[in-house]
Amino acid sequence: MAQDVNTILCIFVLYLSFKGGQLEKISMKIVEEPSNFGSSYGQDSQTHSLTPKVKPANFSGPPHLKRLYGKCFEKLDENYRYEFCPFINLTQHELALRWNPYSGILGIWEEWEIKNNTFIAMLMKNGDDCGDLHRSVKVIFHCGKTNEITEVTEPETCKYLLNFSTPLVCHDHSMLVYPVLSPELREKWNLLEGDFLNEEVTSKGYNKELRHIFEEAGFYMSKKVHLSLSKEDSTHNGEETDGTNSENLDTLDKCLVEYHKLKQEIEGLRVLVALQGKNQEQNIES
């Protein structure tokens, strides 16, 4: 097809005749027309057309990581360009020089993975379709001198692992969950721990109640909030914007989520200030 080659038409019309063994006439005509083969390579046209299935969840987790919110970080390898926007999404852009290279969303920020009172990983789900699955990403934070993507791998089909280096997690307590909770939720956790030690609640019941605490804090996404974000995104995509703010707190669930997030951010900042104060006092004494 004409669209599949760089030069669409090149016609040589040769009139070769011999009269008396001599070359009488040679006539040549060349017609060239530019092609758009590979025209999307190196351009961001596909990037702007990426359509997420749902909205990202609101910010949650260690308050000092909010410094990463609103920023994006790139990593290039031989075949792909990755763009990681913490608490938003991860996108992949194929660099192959071929027709219609792939650009897509690998995952959208949803919730944390928590184990042993520690934020283990950022979970991004609901990426582009991958057969019967949706692409998803687990983001692991590592202590480092700069904010950068160190590695992106695909341990399982359509399930990606991103390692991110940042100085924001170098403190020993930087990823602890308990200090970030509000006083009310800490009290709930304390009571739950007591009930579990006194065998008044089973292991299954303990994990279920603990999940409710983390949902209330905004670390886990509840089914109600997930459904609300999905409906809001589908409504937004189906209607023209009228200039109003899409982040309006127009439901009780949203108000509760934002309320608890603000409380836990304030409490987290208080903890960090207290830790810094103690460190300064120790330095002065020493």
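Above this text is the structure in question.
Remember, it's a predicted structure, so these values are computed and weren't measured experimentally.

Caption draft 1: Local environment of the state of the cysteines. Tallied over the entire structure, the rule returns three disulfides. Across the disulfide, Cys-130 is cross-linked to Cys-158 (sulfur-sulfur distance 1.6 Å). On the criterion of sequence distance, the pair formed by Cys-130 in strand S8 (residues 129–130) and Cys-158 in the loop between strand S11 (148–156) and strand S12 (159–166) is long-range, its members being 28 residues apart. Cys-158 carries the same exposure label as Cys-130, and that label is buried. There is a disulfide in this structure between Cys-143 and Cys-170, and the S-S distance comes to 2.0 Å. Its S-S torsion of approximately 95° makes the covalent link between Cys-143 and Cys-170 right-handed.

Caption draft 2: The arrangement of the sheet that holds strand S5 (residues 89–94) in detail. What the eight strands build is an open sheet, ordered S3-S4-S5-S6-S7-S10-S12-S11; its pairing is mixed. On the outer flanks of this sheet lie strand S3 (73–76) and S11, each paired with one strand and no other. Each neighbouring strand pair of the sheet contributes to a mean axis angle of 25°, computed without reference to strand direction. Pairing of S3 with strand S4 (residues 80–85), which is carried by four bridges, proceeds in the antiparallel orientation.

Caption draft 3: Region of the structure containing helix H2 (residues 183–197). With 15 residues, H2 extends 21 Å between its outermost C-alpha atoms, agreeing within 8% with the 21 Å of an ideal straight helix rising 1.5 Å per residue. Where H2 is concerned, the buried positions are Leu-185, Arg-186, Trp-189 and Leu-192. For H2, the buried positions fall inside an angular range of 120° around the axis, keeping them on one side. In the segment just after H2, Glu-199 is the residue with positive phi, at about 60°.

Caption draft 4: Here's a closer look at the pairing of strand S7 (residues 118–125). Note: strand S6 (residues 103–115) against S7, seven bridges, orientation antiparallel. Paired with Ile-114 across the bridge in S7 is Phe-119. From the end of S6 to the start of S7, which pair antiparallel, there are two residues, and Asn-116 there has a positive phi angle of about 50°. Bridge count between S7 and strand S10 (residues 136–143): three bridges; the pairing is antiparallel. By the bridge assignment for S10, Met-122 is matched with Val-139.

Caption draft 5: Just the packing of H2 against helix H3 (residues 203–217), in detail. Look at H2 against H3: their axes get within 11 Å of each other, and the N-to-C directions meet at 175°. The orientation of H2 with respect to H3, classified from their angle, is roughly antiparallel. For the pair H2 and H3, the contacting residues are Leu-185, Lys-188, Trp-189, Leu-192, Glu-193 and Phe-196 in the first and Ser-203, Tyr-206, Glu-209, Leu-210, Ile-213, Phe-214, Glu-216 and Ala-217 in the second.

Caption draft 6: Examining the pattern of salt bridges more closely. Tallied over the full model, the rule gives ten salt bridges. Taking the shortest distance from any N to any O, the salt bridge between Lys-53 and Asp-129 comes out at 3.3 Å. Of this pair, Lys-53 sits in the loop between helix H1 (45–48) and S3 while Asp-129 sits in strand S8, placing them 76 residues apart in sequence. The partner of Glu-215 in a salt bridge is Arg-211, with the nearest N and O atoms 3.2 Å apart. Highlighted residues: Glu-215 and Arg-211, both in helix H3, separated by four residues, approximately one helical turn. We classify Arg-211 as partly exposed; its relative accessible area is 33%. One connected set of salt bridges, linked through shared partners, spans Glu-110, Glu-111, Lys-125, Arg-211 and Glu-215.

Caption draft 7: Expanded view of the packing of aromatic side chains. With the rule as written, the count across this model stands at 16 aromatic pairs. Considering the side-chain rings of Tyr-80 and Tyr-82, the 6.1 Å spacing of their centres and the 45° angle between planes classify their relative orientation as tilted. Exposure remark for Tyr-80: the relative accessible area of 26% places this residue in the partly exposed category. Residues Phe-87 and Trp-109 carry aromatic rings whose centres are separated by 5.2 Å and whose planes lie at 85° to one another, so their mutual orientation is edge-to-face. Pair noted here: Phe-87 is in the loop between S4 and S5 and Trp-109 is in strand S6, with a separation of 22 residues, a long-range link. Across the pair, exposure class does not vary: Phe-87 and Trp-109 are buried alike.

Caption draft 8: Focus on H3. Over its 15 residues, H3 runs 21 Å from end to end, which matches the ideal 21 Å to within 8%, given 1.5 Å per residue. By the burial criterion, the buried members of H3 are Tyr-206, Leu-210, Ile-213, Phe-214 and Ala-217. Take H3 and look down its axis: the buried residues cluster within an arc of 95°, on one side only. Within H3, the exposed residues directed more than 90 degrees away from the buried face are Lys-204 and Lys-208. Two residues or fewer past H3, Gly-218 is found with a positive phi of approximately 95°.

Each value, and the rule that gives it
Residues numbered from 1 in each chain as written. Predicted model: local features only at pLDDT ≥ 70, side-chain atom pairs only at ≥ 80, totals over all residues. Heavy atoms only, no water. Disulfide = S-S within 2.5 Å. Helix = DSSP H or I, 4+ residues; strand = E, 2+ residues; numbered from the N terminus. Buried < 20%, exposed > 50% of the residue type's maximum accessible area, 1.4 Å probe, protein only. Pairing = 2+ DSSP bridges. Axes fitted to C-alpha atoms, helices over the stretch in contact; angles between N-to-C directions. Expected span 1.5 Å × (residues − 1). Arc of directions from axis to C-beta. Parallel < 35°, antiparallel > 145°, perpendicular 65-115°, else oblique. Contact = heavy atoms within 4.5 Å. Salt bridge = Lys/Arg side-chain N within 4 Å of Asp/Glu carboxyl O. Phe/Tyr/Trp six-rings, centres within 6.5 Å; stacked < 30°, edge-to-face > 60°.

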